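# Residue-level structural notes
One letter stands for each residue in the lines below.
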Amino acid sequence: LAKTTQPISMDSYEGQEVNITCSHNNIATNDYITWYQQFPSQGPRFIIQGYKTKVTNEVASLFIPADRKSSTLSLPRVSLSDTAVYYCLVGDHMFSGGYNKLIFGAGTRLAVHP
Amino acid sequence: DGGITQSPKYLFRKEGQNVTLSCEQNLNHDAMYWYRQDPGQGLRLIYYSQIVNDFQKGDIAEGYSVSREKKESFPLTVTSAQKNPTAFYLCASKRAGGETQYFGPGTRLLVL
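Overview of the structure. (Residues numbered from 1 in each chain as written. Chains lettered and ligands numbered in written order. Predicted model: local features only at pLDDT ≥ 70, side-chain atom pairs only at ≥ 80, totals over all residues. Heavy atoms only, no water.)

### Quick look at the overall build of chain A
Looking only at helices and strands, one finds zero helices and nine strands in chain A. Going from the N terminus to the C terminus, chain A shows its helices and strands as β-β-β-β-β-β-β-β-β. Across the 114 residues in chain A, those meeting the buried criterion constitute 45%. Element-wise, carbon and sulfur atoms account for 52% of the exposed surface of chain A, whose accessible area totals about 5700 Å². (Helix = DSSP H or I, 4+ residues; strand = E, 2+ residues; numbered from the N terminus. Buried < 20%, exposed > 50% of the residue type's maximum accessible area, 1.4 Å probe, protein only. Areas by Shrake-Rupley, 256 points an atom, 1.4 Å probe, with all protein chains shown as cover.)

See below:
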């Protein structure tokens with residue numbers, strides 16, 4: 001199972017763009033990259049998922065280079081409400097005889113300041 | 001209104017007592033999961049179930065037990081063998097071949 005490495009914490013200010021990079025050197029061919037957001041005392045919430053290149057939704061963008069050994073979550077114009085822990089996960093989401101085990105590391109604690 | 005519900009929100013356990021945490025989903029998902037989260041830490045997998053009447057141990061199954069008698073329900077019992085049960089417990093579900101796990105709101109277990 002691919003292990004991920006991401007910064008323990010980051011600080012930003014309202015209105016800035018935040019980029020959180022995740023390293024996953026041992027990513028397998030079938031693995032997808034998924035990012036979750038978690039607020040205190042709540043369950044994690046899905047943000048975005050991708051396999052390669054760039055994925056964008058209404059919340060964030062995910063950039064994945066050709067070698068797929070890293071990925072970057074980009075949050076445009078953050079606000080105070082974006083203060084949370086962000087988890088990068090790598091796993092095979094296909095239900096093909098195995099199970100979908102996702103490994104949650106400690107995540108990145110993002111603090112957005114006024 | 002579809003989703004995952006967990007109850008209770010807070011649970012208190014006395015020494016030597018077994019307690020059961022409820023997890024229900026009406027998303028028609030096949031797979032369900034239980035995680036434990038300690039303060040400032042990530043999530044650790046306790047048990048998971050791919051289909052009804054089948055479940056597998058995760059990374060920290062000792063002191064816990066589960067059942068999967070119905071597709072929509074996956075209760076977790078914290079037994080007296082779990083010596084350090086104080087934590088935030090999260091249940092999740094996912095459809096077969098789906099892209100993401102959906103999490104419930106969590107249950108915080110405290111020991112009296």
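From this point, the discussion proceeds with the structure in view.
### Quick notes on the environment of Ser23 of chain A
All names here are of chain A. Examined against the element boundaries, Ser23 turns out to sit in strand 2 (residues 18–23). C-alpha separation for the pair Ser23 and Lys3, spaced 20 residues apart in sequence, amounts to 8.3 Å. Dropping the residues within four chain positions of it, Ser23 is found in contact with Lys3, Thr4, Thr5, Lys69 and Ser70. (Contact = heavy atoms within 4.5 Å.)

### What to know about the state of the cysteines
One way to say it: the disulfide is the covalent bond shared by the sulfur atoms of two cysteines. Residues and elements named next belong to chain A. Under the definition given, this model contains two disulfides over all chains. The disulfide partner of Cys22 is Cys88, and the gap between their sulfur atoms is 2.2 Å. With the S-S bond torsion at -80 degrees, the cross-link from Cys22 to Cys88 turns out left-handed. On the criterion of sequence distance, the pair formed by Cys22 in strand 2 and Cys88 in strand 8 (residues 84–91) is long-range, its members being 66 residues apart. Classification of Cys22 as buried rests on a relative accessible area of 0%. The class of Cys88 is buried, set by a relative accessible area of 0%. (Disulfide = S-S within 2.5 Å.)

### Looking at the pattern of salt bridges
Residues and elements named next belong to chain B. Under the counting rule described, the total for this entry stands at three salt bridges over all chains. With its nearest N and O atoms 3.6 Å apart, the salt bridge here joins Asp30 to Lys71. One end of the pair, Asp30, is in the loop between strand 3 (19–25) and strand 4 (31–37); the other, Lys71, is in the loop between strand 7 (64–66) and strand 8 (76–78), with 41 residues separating them in the sequence. On the basis of relative accessibility, which here comes to 25%, the residue Lys71 falls in the partly exposed class. Here Arg44 and Asp38 are joined by a salt bridge, their closest N and O atoms 2.7 Å apart. Given the relative accessible area of 38%, Arg44 is considered partly exposed. Note on Asp38: relative accessible area 16%, which makes it buried. Here the residues in one salt-bridge network are Arg36, Asp38 and Arg44, joined through shared partners. (Salt bridge = Lys/Arg side-chain N within 4 Å of Asp/Glu carboxyl O.)

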